[in-house]
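Reading the structure
The primary structure of each chain is shown beneath.
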Amino acid sequence: MIAKVIVDVPTSQTDRLFDYDIPKEWEEIIQPGLRVIVPFGPRKIQGFVVDVAKESTFHKTKPIDDLLDVVPVLTDELLSLGAWLSEETLCFQLSAYQLMIPAALRTKVKKELRLLAHIETVPPSIRPYFQGGKNPLWNDLLKDNNVSLKEIQQAVKEERLEVCYQIEEKGKKKTERYVKVSEKSTVKDIPARAAKQRELLAYIQSLGQPISVQLLLQETGMTRQTITTLVKKGFVQEFEKEVYRDPLAGVEYEQTSPLKLTEQQQEVITPILDSLETKSHHTFLLHGVTGSGKTEVYLQAIDQALQQELEAIVLVPEISLTPQMVQRFKGRFGKKVAVLHSGLSMGEKYDEWRKILRKEVQVVVGARSAIFAPFTNLGIIIIDEEHETSYKQEENPRYHARDVAIFRGKHHQCPVILGSATPSLESYARAKKSVYKLLPLTERVHSRAMPTVQVVDMREELRNGNRSMFSYALLEKLRDRIEKGEQTVLFLNRRGYSTFVMCRDCGYVATCEHCDISLTYHRTHHTLKCHYCGHEEKMPNKCESCGSEHIRFFGSGTQKVEEELTRVLPEAKVIRMDIDTTRRKGSHERLLSAFGRGEADILLGTQMIAKGLDFPKITLVGVLAADSMLHIPDFRSAERTFQLMEQVSGRAGRHDLEGEVIIQSYTPDHYSIELVKSHDYEQFFQMEMNQRKVGLYPPYVFMVLITISHPELTNVITVSEKVVSFLKRELLESTTVLGPVASPLARIKDRYRYQCMIKYRNEPRLLETLREIRQHFIREINQGNLQVSIDLHPYLFT
DNA sequence: AGCACGCCGACT
DNA sequence: GTCGGCGTGCTC
């Protein structure tokens, strides 16, 4: 029998199957999805078995060396998903499979030296390494300049030393020491004067089951010595037991039960339940305004899946994986839930993952990579806040969790639900074309009103002599809330901190005459540049629109805002939440719960406070600079602005008190800001779609971004030009190839970067052509200087 | 990725 | 004549 193996060597030359003999004794055991150790040239490496066959066309097959697993770590479905993913994202199959297993399982095979003869026979320089019967690692010897490799090689040849391969598994299963009573031991057998021992044995006996040593000590107040004596005398046995690391140890979740659904909720859940019951795949776009009760719909749909003995995956954006969110799922489904996010340690992630593999949980709540949870009976997949860009991985493999979800939905014939108050244009357009099924939730639960939104024109403020970052209207309302003891959320968007140029008098922003996208200021040449078409112009001294000299770059930090806030409102208690104040583990939750307890009047923060906040006393939301994101040179900037404004507005008035929103802007007339007033997603969608049509952007076209980098600028330019002319030659006439132009980040780590862009509607030879490009530059790539990164459906243009 | 093989310059 | 530089190519 032959195993087809993907070896752990991430290069394009080895990105194919290698055949290995399966030794007789393993024929029953080896199956697809197992990890194995195989000989590869002169060394031993790890690999994934992806298939088993009768025979090989290769005539010099070697046998598999060792097994790393007994139970497959990849299911058949995940194996085929990996193959598909590597096709679609142009990554190595190996990388796709590594994505699906926890980091703890990504083993390294290390080379170590062992003594075959007496220590005196090996070179003196390496003798110290063998002290205490140790086997030194090859790499450690290499680092030592006194050690001569020649001598080692000689010793190996003469069989005084041998080179062995040691598997180093990073993920250790956590164990604890347990004790249990030995058979037929009785208290009577212990001398009466050993009262402590008697008492302890009796206690363990009374439990009727093994107990962890730590817990035993805690509960009885005895010393370790007493236990050891009992063990020595043979009355009890001590052993290691595997335990799970519990990141949420001690946290109690209040059990919740299903709420009565509103009429609208009932309407949207019906087709989902239908899809579940008939086991047919549909992708639903659940478009529900903030506060419309999407989560309750998710919960009840999952409940239905569980009743059918099926499993569920829920994806949540990383930043909203707060205890508040986890609470809602744990509260309803208790121990059936595993949580996977980046805040967990490697060991904790490994444990959560193993619970899934062993079918000890049926629901996974997690960030992007949780979409690969090794379930085998999926009943439903939910992607909350579907428009979030964090669902796209920005490094290889550059996959989008939405695409993976739909692949798995089709495989399991189960519903996929994309939920959002502000769907991505791509998804909404698909829903309009009936590719997805649109499920609208237009009302908030308990018929609460949407918050009223007031847009303040900051140009006007400036004209009225207000040079501060707070408008009169916002200040007045802030004072009002403090007086009433109500709370305010102040939102400052730091993304787009960078370098767009704007006139403080008229709001004019320098844009590219060819692309209708704001220009980026380049300090090096004091110029303005377009990152899409390469257009370049001089940085103006005066506003081109009104002639004012108040033209400047934009950007302001939370810290500065906080200072100013304490100056103008000294009585206000402020909690600041940004990357700086939430870096430490748990500080995120601490700050939020402090705010929830009413320990502050104002919560000031960035992105991270835009989501999931649900506190009854928040009645005012202020957005300090709504435009900051609008002028990022990205065709999605208007979409992101609208989404964010809506998202932030949703924080206000979610309970009995009515909510109010103040948005400060220098471009109050822009539709992405204007339309927040009426919370009119539909209208925004229409406007933005027009823009996309004119500019030829998704969803009207698909895009591919190719980034070329090299330490030598001239090299980057030559290669980029070759790439572009090759693309133009190979691809259809209807396809647009743009560039090459310097990337927005024109140099990273001493490497120059150029990019080109493909826009296409239908391009059957696309993947093939892109693969050819990689292949063509393979030599230069292998020499390690050239990098060609290919991003299909990019979300980031740096 | 590693590692071997192989073909040229510098040296005991 | 040999040692060692790293360009090239292979690994079931």
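Up top you'll find the structure we're talking about.
Description of the structure in this document. Because the structure is predicted, anything quoted here is derived from the model rather than measured.

Conventions adopted
- Residues numbered from 1 in each chain as written.
- Chains lettered and ligands numbered in written order.
- Predicted model: local features only at pLDDT ≥ 70, side-chain atom pairs only at ≥ 80, totals over all residues.
- Heavy atoms only, no water.
- Helix = DSSP H or I, 4+ residues; strand = E, 2+ residues; numbered from the N terminus.
- Rg over C-alpha atoms; globule rule 2.2 N^0.38 Å.
- Buried < 20%, exposed > 50% of the residue type's maximum accessible area, 1.4 Å probe, protein only.
- Lys, Arg positive; Asp, Glu negative; His and termini not counted.
- Charge placed at Lys NZ, Arg CZ, Asp CG, Glu CD.
- Phe/Tyr/Trp six-rings, centres within 6.5 Å; stacked < 30°, edge-to-face > 60°.
- Pairing = 2+ DSSP bridges.
- Axes fitted to C-alpha atoms, helices over the stretch in contact; angles between N-to-C directions.
- Near = heavy atom within 4 Å.
- Polar contact = N/O pair within 3.5 Å; in protein donor to acceptor, adjacent residues only side chain to side chain.
- Salt bridge = Lys/Arg side-chain N within 4 Å of Asp/Glu carboxyl O.
- Parallel < 35°, antiparallel > 145°, perpendicular 65-115°, else oblique.
- Left-handed = near helix turned anticlockwise from the far one by under 90°.
- Contact = heavy atoms within 4.5 Å.
- Nonpolar A, V, L, I, M, F, W, Y, C, P; charged D, E, K, R; others polar.
- Expected span 1.5 Å × (residues − 1).

1. Some thoughts on the overall build of chain A
- Counting secondary structure elements, chain A contains 23 helices and 33 strands.
- What you see for chain A is a C-alpha radius of gyration of 31 Å, in line with the 28 Å of a compact globule of 798 residues.
- Structurally, chain A occupies a C-alpha span of about 90 × 70 × 60 Å along its principal axes.
- Considering chain A as a whole, with its 798 residues, one finds that 52% of them fall into the buried category.
- Charge centroids of chain A, computed over 107 positive and 105 negative side chains, lie 4 Å from each other.

2. What about the packing of aromatic side chains?
- Going through the model one piece at a time under the given rule, you end up with 15 aromatic pairs.
- Aromatic side chains F595 and F615 sit 5.9 Å apart centroid to centroid with 75 degrees between the ring planes, which places their arrangement in the edge-to-face category. A residue pair is termed long-range when its members are at least 10 positions apart, and F595 in helix α17 (residues 587–596) and F615 in the loop between β27 (602–605) and β28 (618–623) qualify at 20 residues. F615 shares its class with F595; the two are buried.
- For the pair F702 and Y760, a centre-to-centre distance of 5.5 Å together with 35 degrees between the ring planes defines the contact as tilted. Of this pair, F702 sits in strand β30 (residues 702–710) while Y760 sits in strand β32 (residues 751–760), placing them 58 residues apart in sequence.

3. Brief notes about the sheet that holds strand β33 (residues 787–792)
- With antiparallel pairing, 4 strands are arranged side by side in an open sheet as β31-β32-β30-β33. Across the chains shown, the open sheet's two edge strands, defined by having one partner strand only, are β31 (736–748) and β33. Taking each pair of neighbouring strands and ignoring which way they run, the sheet shows an average axis angle of 20 degrees.
- Where β31 meets β32, 7 bridges bridge the pair, whose relative direction is antiparallel. Opposite V737, over in β32, you have I758 as the bridge partner.

4. Brief notes about the protein's contact with DNA strand C
- DNA strand C sits among 14 residues. The nearest are D19, P39, F40, G41 and K62.
- Restricting the count to atoms of DNA strand C within 4 Å of the protein gives a sugar and phosphate share of 41%.
- Between DNA strand C and the protein, one listed contact pairs a sugar or linking oxygen with a backbone N or O atom of D19 at 2.7 Å.
- One of the backbone N or O atoms of P39 is found 3.0 Å from a phosphate oxygen in DNA strand C.
- For the surface near DNA strand C, the element with the highest residue contribution is strand β2 (residues 17–21), accounting for 3 residues.

5. A few points about the pattern of salt bridges
- Under the definition given, this model contains 38 salt bridges.
- Residue K432 pairs with E682 through a salt bridge whose shortest N-O separation is 2.5 Å. Here K432, found in helix α13 (residues 425–432), pairs with E682, found in helix α20 (residues 681–695); they are 250 residues apart in sequence, far enough to count as distant.
- Connected through shared salt-bridge partners, E242, R245, D351, R354 and R358 make up one network.

6. Let's talk about the sheet that holds strand β3 (residues 35–40)
- One open sheet accounts for 6 strands, arranged β5-β2-β1-β4-β3-β6; its pairing is mixed. The open sheet has two free edges, formed respectively by β5 (62–63) and β6 (66–67), since each of these has just one partner strand.
- Of the strand pairs in this sheet, β2 and β5 are connected by 2 bridges, and their pairing is parallel. Paired with Y20 across the strands is K62, a residue of β5.

7. Notes on unusual backbone geometry
- With omega at -10 degrees, the peptide bond leading from N396 into P397 counts as cis.
- Cis geometry is adopted by the peptide bond preceding P699, which originates at P698 and carries an omega value of 5 degrees.
- Of note, P699 is situated in the loop between α20 and β30.
- Positive phi is not limited to glycine here, since S447 has a value of about 50 degrees.
- Mapped onto the fold, S447 is located in the loop between β18 (437–441) and β19 (452–457).

8. Some thoughts on the packing of helix α21 (residues 713–730) against helix α22 (residues 766–776)
- With their axes 11 Å apart at the nearest point, α21 and α22 run at an angle of 150 degrees to one another. Taken as axis vectors, α21 and α22 run roughly antiparallel relative to one another. Along this stretch, α21 crosses α22, giving a crossing that reads as right-handed. Touching V723, F726, L727 and E730 of α21 are T769, L770, E772 and I773, all from α22.
- Here the residues of the contact of α21 with α22 are counted per class, giving 5 nonpolar, 1 polar and 2 charged.

9. What to know about the protein's contact with DNA strand B
- Near DNA strand B you find V9, P10, T11, P42, R43 and K111, and these make up its full shell.
- Taken together, the sugar and phosphate atoms account for 53% of what DNA strand B places within 4 Å of the protein.
- Within the contact set of DNA strand B, a base nitrogen lies 2.8 Å away from a side-chain nitrogen or oxygen of R43.
- Counted by class, the surface near DNA strand B contains 3 nonpolar, 1 polar and 2 charged residues.

10. A closer look at helix α11 (residues 346–357)
- Here α11 is 12 residues long and its end C-alpha atoms lie 16 Å apart, about the 16 Å a rise of 1.5 Å per residue gives.
- Across the 12 residues that make up α11, a large majority, 9, are buried.
- Considered for burial, the residues of α11 that qualify are G347, E348, Y350, D351, E352, W353, R354, K355 and I356.
- Residues of α11 that are buried sit in contact with α2 (93–100), β11 (236–242), β14 (337–340) and β15 (363–366).
- Where α11 ends, the next residue or the one after it, K359, has phi of about 60 degrees, a positive value.

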